[in-house]
Amino acid sequence: MFTVLLICGGLVAFYLLLYVTVLRLPKCQSTTKLHGKTVIVTGANTGIGKATALDLAKRGARVILACRDESRAQAAVTDIQRESGNKEVLYMHLDLASLKSVRSFAENFLKKESRLDILISNAGGNTGIGKATALDLAGRGVRVILACRNQKKAEAAINDIKKATGSNDILFMELDLGSLKSVRAFVENFLKSESRLDLLINNAGIVKTELSRHVSLWQKVFIEPVARLLFLDPKTGAQTTLHCAVQEGIEHLSGRYFSCCAVEEVGAKAKDDAVAKKLWEVSERLSGLS
Ligand SMILES: NC(=O)c1ccc[n+]([C@@H]2O[C@H](COP(=O)([O-])OP(=O)(O)OC[C@H]3O[C@@H](n4cnc5c(N)ncnc54)[C@H](OP(=O)(O)O)[C@@H]3O)[C@@H](O)[C@H]2O)c1
């Protein structure tokens, strides 16, 4: 009995230590008000985007929730208006997986709004957007490799994409980002079978949002308890974005990388102008803008 109590006490002490060190991150300290300013937050109906939009609304901004699902967005507008007391919170339709939707959002915005002061590009981060991107690329005749953990699910997605686009140039390669061994095997496999790579997209995070809604029930059973104890809440997760959006006196740091409300150094590859230029050109070509 004593041993059990000792272990429980140790675990609680360890969690409290984690809570006051790693899990309690700096807050955006700015008290800047935003009356008369207009802000767009993409993907603002839930998670980090919604927490960001709420904070900006409390500061008095006119906040546009740029979202793809009208009913979820309208529910968020109602919540944010009620909690902030700011009626200038509104929804405009935007589905970032469709360039047609991006264009009509921009036209709609320019027709209805007279200014834009802050744009928060938050949307993304789920399997839906990955599949939609693959669909769009395959539709444009690009050879697409679905790098996923689960072959069965990937094959189902490949069949859907083939059916929708008529393209046969879609492949599966195993990649589990949680395992360095799998990442190395993926790179070796890729270099052996492919002659070129134009675009690599990466994604990560530890904020408890709706990100896990797309995983299976069994994964949820595992993720939920860990997320409740160890992941940040969306309000905390929004602090660095808010810091970058409203903090005065950091304008000279434009273009730098921020983490925990502070500038952080990035690796040499991220500072390589030639890589940045190539990424820009490839993105322009794939999006049909060039
Ligand atoms: N959670 C983390 O730990 C974490 C950490 C670092 C970075 N991030 C990044 O932070 C951002 C927000 O993530 P979150 O954790 O708040 O995720 P979330 O709760 O799943 O919210 C994602 C938001 O993006 C929207 N969205 C997805 N695809 C879209 C599309 N094609 N067009 C328009 N809106 C779209 C979603 O709309 P629907 O509701 O309609 O699906 C939702 O509003 C993401 O870019 C994510 O990669 C997250």
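Our structure is the block above this text.
Note that the coordinates shown come from a computational prediction; the quantities given were computed from them, not determined experimentally. (Residues numbered from 1 in each chain as written. Predicted model: local features only at pLDDT ≥ 70, side-chain atom pairs only at ≥ 80, totals over all residues. Heavy atoms only, no water.)

### Remarks on the overall build of the protein
Phase 1 of the analysis: Along its length, the protein carries eleven helices and eight strands.
Phase 2 of the analysis: Buried residues in the protein amount to 29% of all 290 residues.
Phase 3 of the analysis: Within the protein, counting contacts between residues at least 6 apart in sequence, those at least 24 apart form 66% of the total.
Phase 4 of the analysis: Element-wise, carbon and sulfur atoms account for 58% of the exposed surface of the protein, whose accessible area totals about 19,000 Å². (Helix = DSSP H or I, 4+ residues; strand = E, 2+ residues; numbered from the N terminus. Buried < 20%, exposed > 50% of the residue type's maximum accessible area, 1.4 Å probe, protein only. Contact = heavy atoms within 4.5 Å. Areas by Shrake-Rupley, 256 points an atom, 1.4 Å probe, with all protein chains shown as cover.)

### Focus: the sheet that holds strand S1 (residues 38-42)
Phase 1 of the analysis: In space, the four strands of this open sheet follow the order S3-S2-S1-S4, with parallel pairing throughout. Of all the strands in the sheet, just strand S3 (89-93) and strand S4 (118-120) have a single pairing partner and so form its edges. If you compare each strand with its neighbour and ignore which way they point, the axes differ by 20° on average.
Phase 2 of the analysis: Summarising the sheet, S1 and strand S2 (residues 62-67) pair through five bridges and their orientation is parallel. Its bridge partner being in S2, valine 39 is matched across the sheet by valine 63. (Pairing = 2+ DSSP bridges. Axes fitted to C-alpha atoms, helices over the stretch in contact; angles between N-to-C directions.)

### A short note on the packing of helix H2 (residues 47-58) against helix H3 (residues 70-84)
Phase 1 of the analysis: Interaxial distance between H2 and H3 falls to 9 Å at its minimum, and their mutual angle equals 40°. Of the possible angle classes, the one that applies to H2 and H3 is oblique. Here H2 and H3 pass one another in a crossing that is right-handed. Of the residues in H3, those in contact with Lys50, Ala53, Leu54, Ala57 and Lys58 of H2 are Ala76, Asp79, Ile80, Glu83 and Ser84.
Phase 2 of the analysis: Along the lines of polarity and charge, the residues of the contact of H2 with H3 split into five nonpolar, one polar and four charged. (Parallel < 35°, antiparallel > 145°, perpendicular 65-115°, else oblique. Left-handed = near helix turned anticlockwise from the far one by under 90°. Nonpolar A, V, L, I, M, F, W, Y, C, P; charged D, E, K, R; others polar.)

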